[in-house]
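Residues per chain, in single letters:
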Amino acid sequence: MSESQKIDSLLREERRFPPSPEFQKNAIAGADLYEQAGADRLGFWATQSRELLHWHKPFTEVLDWSNPPFAKWFADGHLNVSYNCLDRHVLEGRGDRVALHFEGEPGDTRSLTYAELTAEVKKAANLLTSLGLGQGDRVIIYMPLIPEAIIAMLAVARLGAIHSVVFGGFSAESLRARIDDAQASMVITADGGHRKGSVFALKTAVDQALEDGATSVEKVLVVQRGGNDVDWVQGRDLWWHEEMAPMVADHEAKPFEAENPLFILYTSGTTGKPKGILHTSGGYLTQAAFTHKNVFDLHPETDVYWCTADIGWITGHSYVVYGPLANGATQVIYEGTPDTPHPGRWWEIIEKYKVTIFYTAPTAIRTFMKLGREIPQKFDLSSLRVLGTVGEPINPEAWIWYREVIGGNTTPIVDTWWQTETGAIMISALPGVTTTKPGSAQVPLPGVSIDVLTEDGQQVGPEGGGLLVITEPWPSMLRGIWGDDERFKETYWSMFGDRYFAGDGAHLDKDNDVWLLGRVDDVMNISGHRLSTMEIESALVAHPMTAEAAVVGASDDTTGQAVVAFVILKSRFVGTLSDEEVTAQLRDWVAQQIGAIAKPRTVFVVAELPKTRSGKIMRRLLRDIAEGREVGDTTTLTDTSVIRVISDGLK
Ligand code: PRX
């Protein structure tokens, strides 16, 4: 199917799901939120921030946009993010409420109340202080999803230091690049974690990353989790449990300025080098808390919330750590994969903890669809009352399956559009308010202003397609790219001046609801994870065998997109290995250079690549080939026979 046919069939989706009167009776969000925000956008955010957060020193300014695109929100206010997620709940009598129900992949469990979590974070803050960590210092966190990962994040935040969580699936090389870019003085890791029934090593990757000794890292704190053997560098490496043992659970959270940096999170861009997206404190926490409460209809006294994201991604930051904890929610965290030890593990967890709000990715839903409804139907999922999706467009078929099979045909579904850069949800239905449409992310949240424009900046209006932009600054917006102001301006603000260009294509329907169409740049979205074509191409050409490489994201029924690589081998390697052997070697190589998530699904060994006269690879044509379509317009190609050569070679 061509792109335009796909959009047409999407827009023919006419099923509608209005909120039920029962749901509306107790709904957190009401239509009045849109009215308040519409009447006074900045006043609305100020009110939300005051209501949702504790400010040690109240702010008097809301937004300073005098130096675009560098925004300041609530700039003269002071707060402590960790205090907001912990201490105040205990001080206000909620200490006995469970904050985290941890479920380990091997089946071990542990629940921590807000009082217990607060005590652990205080001890960890004392430990980090004793190791010399202070405001503004950078700490890399490279861990499985266990309570200590969250404790580490909150302890770093408590000191006004900056964490950068690196997803445990990234390789030593990727880890090193992030350590160097952030100039981190400390790494917090684990010996290993549990995944797919076995232990994967993390400390080993840290050792490899720091092998040459020429790094900013002075200390490596190691949590014992996997039980696997580890090497030890005396003077650098410390066991978390040994260091934590003598620490006292008494630590005063000092307030910091609202714009104090909170974290850097690396994400792929259109060049080979990942971008360190910088988020700060007051605005970020305001919008994370606001969206978590209203989009998921959170009733913190009774709900059990579960977001399946790893803390290595932005969803884990905003909707596992900061949003839910700021709101005093009770949540489940799960270390492992959905299918270990059996394909019903997720549904078993929902039944066990009586999860009421569930937030996951379309890829996961499509995978479960393929496995069949008999698996979830073996479990009691009747506790669920709100379902959410994130990370990629959800096709109406998967949306309906999610509602029927997981949601018992009653739950509202919120399809939430946002990005690492936006920090929090920007476009989504509000349960109890919005009549939902399967496949559409629908409307900007109260206080958020968006538009869809043509390439020359004209509004497309209802029933038009174009580029998604955010037209006004928002509290949780990125404050920059770490150490690279120029790249920040160039990437997001050069296209339409003071409007933020998101990199996504979007279509508006006749009601002005937004239907996301995927990335319009060289960024791919694989299982809801962002990968850069350039980054994988750089990895491929770094292999001694490869002369040239081009990577495209081809549509994939389950993962949304899949990485497909076209490589030209150096002449001395041509014919020395079979295509299967080349593929296997290059897949392993990419896993080693970037991480297993970046492994190409398919590698095509070709003799030539289609290029424009200026030498740019025509990825559009390669995508046509990768998806088995008739190849589109080739008029700008230097040599039109190339496509025939490639296509014929692949038959
Ligand atoms: O293309 C959009 C897609 O994911 C991109 C952001 O990726 P990342 O920064 O890794 O954050 C993912 C989790 C927030 C976006 O540019 N995307 C995210 N949510 C949706 C989506 N595409 C369609 N529908 C969504 N709900």
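Residues numbered from 1 in each chain as written. Predicted model: local features only at pLDDT ≥ 70, side-chain atom pairs only at ≥ 80, totals over all residues. Heavy atoms only, no water.

Take the packing of helix α15 (residues 362-371) against helix α17 (residues 396-406) next. Interaxial distance between α15 and α17 falls to 10 Å at its minimum, and their mutual angle equals 75°. Considering their axes alone, α15 and α17 lie roughly perpendicular with respect to each other. Two secondary-structure elements touch here, α15 through I365, R366, F368 and M369 and α17 through E397, A398, W401 and Y402. Classifying every residue of the contact of α15 with α17 gives six nonpolar, no polar and two charged. (Axes fitted to C-alpha atoms, helices over the stretch in contact; angles between N-to-C directions. Helix = DSSP H or I, 4+ residues; strand = E, 2+ residues; numbered from the N terminus. Parallel < 35°, antiparallel > 145°, perpendicular 65-115°, else oblique. Contact = heavy atoms within 4.5 Å. Nonpolar A, V, L, I, M, F, W, Y, C, P; charged D, E, K, R; others polar.)

This next bit is on the site of the ligand. Surrounding the ligand, one finds 17 residues, the nearest of these being D415, T416, T420, R519 and R530. Within the backbone of E392, one N or O atom sits 3.4 Å away from a nitrogen atom of the ligand. Contacts to the ligand include R530, whose side-chain N or O atom sits 2.7 Å from an oxygen atom. Expressed as a share of its isolated accessible area of 540 Å², the protein-covered part of the ligand is 96%. Among the secondary structure elements, those contributing two or more residues to the shell around the ligand are α13 (314-326), β20 (413-416) and β25 (514-519). (Near = heavy atom within 4 Å. Polar contact = N/O pair within 3.5 Å; in protein donor to acceptor, adjacent residues only side chain to side chain. Areas by Shrake-Rupley, 256 points an atom, 1.4 Å probe, with all protein chains shown as cover.)

Looking now at the environment of R12. Secondary-structure assignment places R12 in the loop between α1 (3-11) and α2 (21-25). Remark: the alpha-carbon pair of R12 and A249, spanning 237 residues in sequence, is separated by 58 Å.

What follows covers the nonpolar core. In terms of nonpolar packing, the biggest core is built from 155 residues, with I188, Y322 and I536 touching the most fellow members. Sorting elements by how many residues they give to this core places helix α8 (residues 147-158) first, with nine residues. For Y322, the residues in contact, after removing those within four places along its chain, are V81, C85, M153, L154, A157, H163, L262, F263, Y284, L285 and H317. Listed in part, the 29 residues of the second largest apolar core include F17, V332, W347 and V355. (Core = buried A, V, L, I, M, F, W, Y, C linked by side-chain atoms within 4.5 Å. Buried < 20%, exposed > 50% of the residue type's maximum accessible area, 1.4 Å probe, protein only.)

This part is about the sheet that holds strand β18 (residues 357-360). A sheet is described by the order of its strands in space; here seven strands give the open sequence β5-β4-β17-β16-β18-β19-β20, paired in mixed fashion. At either margin of the open sheet sits one strand with a lone partner, and together these are β5 (109-113) and β20. Pairwise comparison of adjacent strand axes, ignoring direction, gives a mean angle of 15° for this sheet. In this sheet, strand β17 (residues 330-334) lies alongside strand β16 (residues 304-307) in parallel orientation, the contact comprising three bridges. Of the residues in β17, the one forming a bridge with V304 is T330. (Pairing = 2+ DSSP bridges.)

The next point concerns the packing of aromatic side chains. Scanning the model with the defined rule gives 37 aromatic pairs in all. Ring centres 5.5 Å apart and planes at 90° place the aromatic pair F44 and F290 in the edge-to-face group. Taken together, the positions of F44 in helix α4 (residues 41-52) and F290 in helix α12 (residues 282-295) put the pair 246 residues apart, joining distant regions of the chain. For the pair formed by F44 and F290, the shared burial category is buried. The structure contains a cluster of three or more aromatic residues connected by ring pairs, namely W65, F70, W474, F488, Y492, W493 and Y500. When the ring centre of F170 is taken as origin, the NZ or CZ atom of R178, which lies over that ring, is 4.5 Å away. (Phe/Tyr/Trp six-rings, centres within 6.5 Å; stacked < 30°, edge-to-face > 60°. Lys NZ or Arg CZ within 6 Å of the ring centre and 35° of its normal.)

Taking burial as the measure, the six residues of strand β15 (residues 275-280) include six buried ones, the bulk of the element. The side-chain alternation of β15 yields two buried faces, one formed by K275, I277 and H279 and the other by G276, L278 and T280.

What follows covers the side chain of H292. Tracing the chain through its elements places H292 in helix α12. In this structure H292 comes out as buried when scored by relative accessible area, which is 0%. Contact partners of H292, with chain neighbours within four places excluded, come to D297, L298, Y305, Y319, G323, P324, N327 and A329.

A few words on α12. For α12, spanning 14 residues, the distance from its first C-alpha to its last is 20 Å, which sits close to the expected 20 Å at 1.5 Å a residue. With 13 of 14 residues buried, α12 is to be regarded as a mostly interior element. Among the residues trailing α12, D297 stands out with phi positive, at a value near 55°. (Expected span 1.5 Å × (residues − 1).)

With that settled, the discussion passes to the pairing of strand β19 (residues 386-390). Along β19, five of the five residues are buried, which leaves the element largely enclosed by surrounding structure. Side chains V386, G388 and V390 project from β19 onto one buried face, and the interleaved L387 and T389 project onto a second face that is buried too. Where β18 and β19 come together, four bridges link them in parallel fashion. Looking at the pairing, Y359 lines up with G388 of β19.

Right, let's talk about the domain arrangement of the protein chain for a bit. Each assigned domain of the protein chain is listed with its residue range as follows: domain 1 (1-77 + 280-521), domain 2 (114-257) and domain 3 (523-649). Each of domain 2 and domain 3 has a C-alpha centre, and these two points are 36 Å apart. With six residues of domain 2 at the contact, the number on the domain 3 side is seven residues. Note on domain 2 versus domain 3: buried area summed over both sides is about 480 Å², and carbon and sulfur give 50% of it. When the buried surface of domain 2 facing domain 3 is broken down by residue, F170, S171 and E173 rank first, second and third, together holding 59% of it. In this structure, the connection of domain 2 to domain 3 is made through zero salt bridges. Counting across the domain 2 and domain 3 interface gives five residue pairs in polar contact (both at pLDDT 80 or more). (Domains from an automatic or database assignment. Buried area = accessible area lost by both parts, 1.4 Å probe. Salt bridge = Lys/Arg side-chain N within 4 Å of Asp/Glu carboxyl O.)

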